[in-house]
Amino acid sequence: MSQQVIIIAAVAYLALLFAVAYLAEHSTGRFSRLTGSSLVYTLSLAVYCSSWTFNGGVGRASLSGLDFLPIYLGPTLAFLLGPVVIRKVLRVSQANRITSIADLIGARFNSGGLAALVTVIAVIGLVPYIALQLKSISIGFAALSSSSEAAHPMMQPLLADGALWAAIVLTVFAMLFGSRSIHPGEHHPGMMVAIALESILKFVCLTAIGLFVGYGLFHGFGDLFSQAMERPEISALFEYAPDRYGYNWIAMTLLAMVSVFCLPRQFQVMVVENVDERHLNRALWLFPLYLLAINLFVLPIAIGGRLLLPVDTDPDNLVLTLPLSTGQPFLALIAFLGGLSASASMVVVETTALSVMVCNDVVMPALLRVKALGLARKSDLTSLLLWVRRAVMIAVMALGYFYMRHDSAQFALVSIGLMSFVAVAQFAPAIVGGLFWRGATKAGAF
């Protein structure tokens, strides 16, 4: 497809999302009621399903069978404990006007230094995750436009790298969604509506590709799986192997279980953006159901790719390559927009959450200590706060881009995501211990 057509479609789609967010915040009537809806709250939790789900999960399934499942079993188990753990986090955070995961830990142990440490770990740990989204967009754009620019980003001139322009556009949209103004309690109702819409769209896109594979390329899913079982290299993926389904499963399930409330973007949508504790009642069953539904076609798409495509096909790009290789460019464009939706929602919410953390727990405390600036005597710091947050967004996206350009080529999408899961899992002992154990100490949290 023409690169111009792809770019126009992508920018128009992102502009539509911003228009939805703007209307949700500024209109009156039924549309504005969405901002306080339990359904919007629940769907916004699906920001968990980034390009890791849309592209990386399929790639993982094509290489390792059911090895993609622990990333979704973990959140399901976490939500089974939701009435105890998540509800407690909600109540404590709302009672203390907590605006980030760094605030929660810092307030519990009465330590600004601890909050700053959490912030620094979060930024360093999530740079690879943001790089993952940019890499996904880059390889998708390259596949759709028959370009090789995403395969070797180091070999591309800086200004010719599509991922750079994706990073710039997403940074602008992150600013428009998350730092246009300072909101009481750091609520962003328009952003929540847009993220909920994205959750619907990425589910529809992945489902469309799955149905196309099952009924467009095969005579139903029974035919697909029967052909797969006749291929020894594919049927072997479903045989028990300790390196795939042993301790590895347990470790990844536990990582995903704690990451669903330790990732700053998940804490943002689940805790900070919550306007009614009763919304959790619906989320406790509907969010796990969404995770089940969006993964229904991951395995069929992965197996279809193994059956129909050359062995050297990039496994992280099967969702796009299957419709392209069978003469369905429009369906491939839909798949690209679905992956873009998954990446954009993650980047917007993650950079918003990180900008709040860095601004509130690192930059502003440091600036307030500089007496020459006289900030403590000023009655309104809104403009300064907004510019600090925008600068943080630019810096975080720049770090993500340069990580992608220099270090991510050797890793699959899932591997990059797991690095970030391990990083934020370090917050779990301080959160759980701080909430449920009176004897937890600041030294222990450090």
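None of the values given here were measured: they were computed from a predicted structure. (Residues numbered from 1 in each chain as written. Predicted model: local features only at pLDDT ≥ 70, side-chain atom pairs only at ≥ 80, totals over all residues. Heavy atoms only, no water.)

A. Expanded view of the overall build of the protein. In terms of regular secondary structure, the protein is built from 23 helices and zero strands. With the C-alpha coordinates aligned to their principal axes, the bounding extent of the protein is approximately 70 × 50 × 50 Å. Out of the 446 residues in the protein, the part that is buried amounts to 58%. Surface accessibility of the protein: about 18300 Å² in total, with carbon and sulfur atoms responsible for 67%. Charge-centre separation for the protein: the mean point of 26 positive side chains lies 14 Å from the mean point of 22 negative side chains. (Helix = DSSP H or I, 4+ residues; strand = E, 2+ residues; numbered from the N terminus. Buried < 20%, exposed > 50% of the residue type's maximum accessible area, 1.4 Å probe, protein only. Areas by Shrake-Rupley, 256 points an atom, 1.4 Å probe, with all protein chains shown as cover. Lys, Arg positive; Asp, Glu negative; His and termini not counted. Charge placed at Lys NZ, Arg CZ, Asp CG, Glu CD.)

B. Representation of helix α8 (residues 112-144). For α8, built from 33 residues, the straight-helix expectation of 48 Å at 1.5 Å per residue is met to within 8% by its first-to-last C-alpha distance of 47 Å. L126 marks the point of greatest bend in α8, at about 35°, and the proline P128 comes within the next four residues. Among the 33 residues of α8, 25 are classified as buried, and the element is accordingly described as predominantly covered. Following α8 by one or two positions, S146 has its phi on the positive side, about 55°. (Expected span 1.5 Å × (residues − 1). Bend = angle between axes of the 7 residues up to and from the residue.)

C. The arrangement of the packing of helix α10 (residues 189-217) against helix α17 (residues 298-308) in detail. Close contact between α10 and α17 brings their axes to 9 Å; oriented N to C, the two are set at 50°. Relative to α17, the element α10 lies oblique. Between α10 and α17 the crossing geometry is left-handed. For the pair α10 and α17, contact is made by L206, I209, G210, V213 and L217 and by V298, P300, I301, G304 and L308, respectively. Residues that form the contact of α10 with α17 fall into these classes: eight nonpolar, two polar and no charged. (Axes fitted to C-alpha atoms, helices over the stretch in contact; angles between N-to-C directions. Parallel < 35°, antiparallel > 145°, perpendicular 65-115°, else oblique. Left-handed = near helix turned anticlockwise from the far one by under 90°. Contact = heavy atoms within 4.5 Å. Nonpolar A, V, L, I, M, F, W, Y, C, P; charged D, E, K, R; others polar.)

D. Inspection of the environment of Y401 at higher detail. Secondary-structure assignment places Y401 in helix α20 (residues 382-407). The class of Y401 is buried, set by a relative accessible area of 1%. Between the C-alpha atoms of Y401 and G433, which are 32 residues apart in sequence, the distance is 35 Å.

E. How the structure looks around the environment of I250. Note on placement: I250 falls in helix α14 (residues 247-262). Owing to a relative accessible area of 49%, I250 belongs among the partly exposed residues under this scheme.

F. Region of the structure containing the packing of helix α5 (residues 70-80) against helix α16 (residues 279-294). With their axes 9 Å apart at the nearest point, α5 and α16 run at an angle of 170° to one another. Between α5 and α16, the angle falls in the class roughly antiparallel. Here Y72, P75, T76 and F79 of α5 come into contact with α16, specifically with A283, L284, F287, P288 and L291. For the contact of α5 with α16, a count of residues per class yields eight nonpolar, one polar and no charged.

G. Examining the side chain of S341 more closely. Position of S341 relative to the elements: it lies in helix α19 (residues 329-368). For S341, the side chain forms a polar contact with the main-chain oxygen of E198, separated by 3.4 Å. Residues in contact with S341, not counting those within four places in the same chain, are Y13, E198 and K202. (Polar contact = N/O pair within 3.5 Å; in protein donor to acceptor, adjacent residues only side chain to side chain.)

H. Region of interest: the state of the cysteines. Following the criterion strictly, the structure yields zero disulfides and no others. A disulfide-free cysteine, C49 has its sulfur positioned 14 Å from the sulfur of C205, the nearest such atom. (Disulfide = S-S within 2.5 Å.)

I. Structural context of the pattern of salt bridges. Applying the stated criterion across every chain, the model contains six salt bridges. Among the salt bridges present, the one from R265 reaches E350, with a minimum N-O distance of 2.9 Å. Linking R265 in helix α15 (residues 264-272) with E350 in helix α19, this pair joins segments that are 85 residues apart in sequence. Each member of the pair R265 and E350 is classed as buried. When the shortest N-O distance is used, the salt bridge between D276 and R278 registers 2.8 Å. Connected via shared salt-bridge partners are R87, R91 and E277. (Salt bridge = Lys/Arg side-chain N within 4 Å of Asp/Glu carboxyl O.)

J. Molecular detail of the packing of aromatic side chains. Evaluated as defined, the whole model comprises nine aromatic pairs. On the numbers, 6.4 Å between centres and 85° between planes, the contact of Y48 with Y72 is edge-to-face. With Y48 in the loop between α3 (38-44) and α4 (51-64) and Y72 in helix α5, this residue pair connects regions lying 24 residues apart in the sequence. As far as burial versus exposure is concerned, Y48 and Y72 are alike and both buried. Ring centres 6.1 Å apart and planes at 45° place the aromatic pair F203 and Y290 in the tilted group. Taken together, the residues F203 in helix α10 and Y290 in helix α16 connect sequence positions 87 residues apart. Accessibility expressed as a relative area gives 11% for Y290, which makes it buried. Above the plane of the ring of F109 lies R108, whose end atom (NZ or CZ) is 4.8 Å from the centre. R390 extends its terminal NZ or CZ atom over the ring of W387, reaching a point 4.8 Å from the ring centre. (Phe/Tyr/Trp six-rings, centres within 6.5 Å; stacked < 30°, edge-to-face > 60°. Lys NZ or Arg CZ within 6 Å of the ring centre and 35° of its normal.)

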